[in-house]
Amino acid sequence: MEAAAAADVLPSGSSQELHVLAVDDSYVDRKVIEKLLKISSCKVTAVESGARALQFLGLDGEKGSLGFDGLKVNLIMTDYSMPGMTGYELLKKIKRSSAFREIPVVIMSSENILTRIDSCLEEGAEEFLVKPVKLSDVRRLMKDCVMRGETEGNNAGRRVDKRKFEDDNHTSSLSSSSSLTPSPPSTTAPFGGDVATSELVSSSPPHSSKRAKLHDGD
């Protein structure tokens, strides 16, 4: 059952394992989202507060933090209503970080409050899910993450290929230009005679909302 669910999420032949940071102060909700993510073949780090999430990411500013340890996070899913630091406040801190601002952040809440939803989306949340979160929601999010990763990889490849093409083109153009430039004719005639200036030919080379999409459930 779990293998079939995972096959629906990751494309055939993909060896990518997505890593999700799940943040929720509710033990029950945290275990539910963790289970759904694991069914979807994800690596999960679950923490109970925004402070612990920042600590894991190394954004708490303290030397004694858990540290990020170079472990890539593909997605952050956080509850909105948490004591100490809300999901909205955590979102703002992540989006203000140059290292993590590109990671998609999904906000979860049991309350469907439009002003709250708008605030989160305007602050850069990828999506706002109304609890209970369903397996179909998680599958869709994972597919989006895989597609995002593939798109970024392809774009990077295209940028490299384009740069190489332009460099090769530039080199080829220089070679062409050089071959078209005539060598200056000799000004010395056989037997020491001088060649008339009029005989010298001068030639020049040729001029070259998914963020706005709300999910109340299926």
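Model, not experiment: these values are computed from the prediction.

**Q** Please clarify how the environment of Asp25 should be interpreted in this entry.
**A** Mapped onto the elements, Asp25 comes out in the loop between β1 (19-23) and α2 (27-39). Look at Asp25 and you get partly exposed, because its relative accessible area is 34%. Sequence-wise, Asp25 and Gly50 are 25 residues apart; in three dimensions their C-alpha atoms are separated by 8.7 Å. Apart from residues lying up to four places away in sequence, Asp25 is in contact with Arg30, Glu48, Asp79, Ser81, Met82 and Pro83.

**Q** Explain the UniProt feature "modified residue: 4-aspartylphosphate" (unreviewed entry) in the protein to me, please; I cannot follow it from the model alone.
**A** As recorded in UniProt, the feature "modified residue: 4-aspartylphosphate" (unreviewed entry) lies at Asp79. Sequence-distant contacts of Asp79, defined by excluding residues within four places in its chain, comprise Val23, Asp24, Asp25, Gly87, Met108, Ser109 and Lys131.

**Q** How should a nonpolar patch on the surface be read in this particular structure?
**A** A cluster of nonpolar side chains, contributed by Tyr27, Val28 and Val32, occupies part of the molecular surface with about 310 Å² of accessible area. Relative to the assigned elements, Val32 resides in helix α2.

**Q** How should I be thinking about the nonpolar core in this particular structure?
**A** The tendency in soluble globular proteins is for nonpolar side chains to be buried as a group. One finds Leu21, Leu57, Ile76 and Ile107 to be the most contacted residues of the largest nonpolar core, which totals 24 residues. Counting residues per element, the ones that place at least two in this core are β1, α3 (50-57), α4 (87-95), β4 (105-109) and α5 (114-122). At four residues, the largest contribution of residues to this core is made by α3. Ranked by size, the runner-up nonpolar core spans 19 residues in total, among them Cys42, Val44, Cys145 and Val146.

**Q** Help me out: how do you make sense of the environment of Leu57 in this one?
**A** By secondary structure assignment, the location of Leu57 is in helix α3. What makes Leu57 buried here is its relative accessible area of 3%. Sequence separation between Leu57 and Lys72 is 15 residues; the distance between their C-alpha atoms is 9.8 Å.

**Q** It is not clear to me how the pairing of β4 should be interpreted in this structure. Could you clarify?
**A** Remark: a regular strand shows side chains that alternate across the two faces of the sheet. The buried fraction of β4 is high, at five of five residues. What you see with β4 is no split at all: Val105, Ile107 and Ser109 on one side and Val106 and Met108 on the other are buried throughout. With four bridges joining them, strand β3 (residues 75-79) and β4 adopt parallel strand pairing. By the bridge assignment, Thr78 is partnered in β4 with Ile107. Following the chain from β3 across α4 to the adjacent parallel β4, one finds a crossover that is right-handed. This β-α-β element, β4 to α5 to strand β5 (residues 127-130), shows right-handed connectivity.

The rules behind these values
- Residues numbered from 1 in each chain as written.
- Predicted model: local features only at pLDDT ≥ 70, side-chain atom pairs only at ≥ 80, totals over all residues.
- Heavy atoms only, no water.
- Helix = DSSP H or I, 4+ residues; strand = E, 2+ residues; numbered from the N terminus.
- Buried < 20%, exposed > 50% of the residue type's maximum accessible area, 1.4 Å probe, protein only.
- Contact = heavy atoms within 4.5 Å.
- UniProt positions renumbered as here; feature names shortened; annotations may be inferred.
- Patch = residues over 30% accessible without salt bridge, like charges linked within 9 Å, V, L, I, M, F, W, Y side chains within 5 Å.
- Areas by Shrake-Rupley, 256 points an atom, 1.4 Å probe, with all protein chains shown as cover.
- Salt bridge = Lys/Arg side-chain N within 4 Å of Asp/Glu carboxyl O.
- Core = buried A, V, L, I, M, F, W, Y, C linked by side-chain atoms within 4.5 Å.
- Pairing = 2+ DSSP bridges.
- Right-handed = clockwise from strand over helix to strand, strands pointing away.

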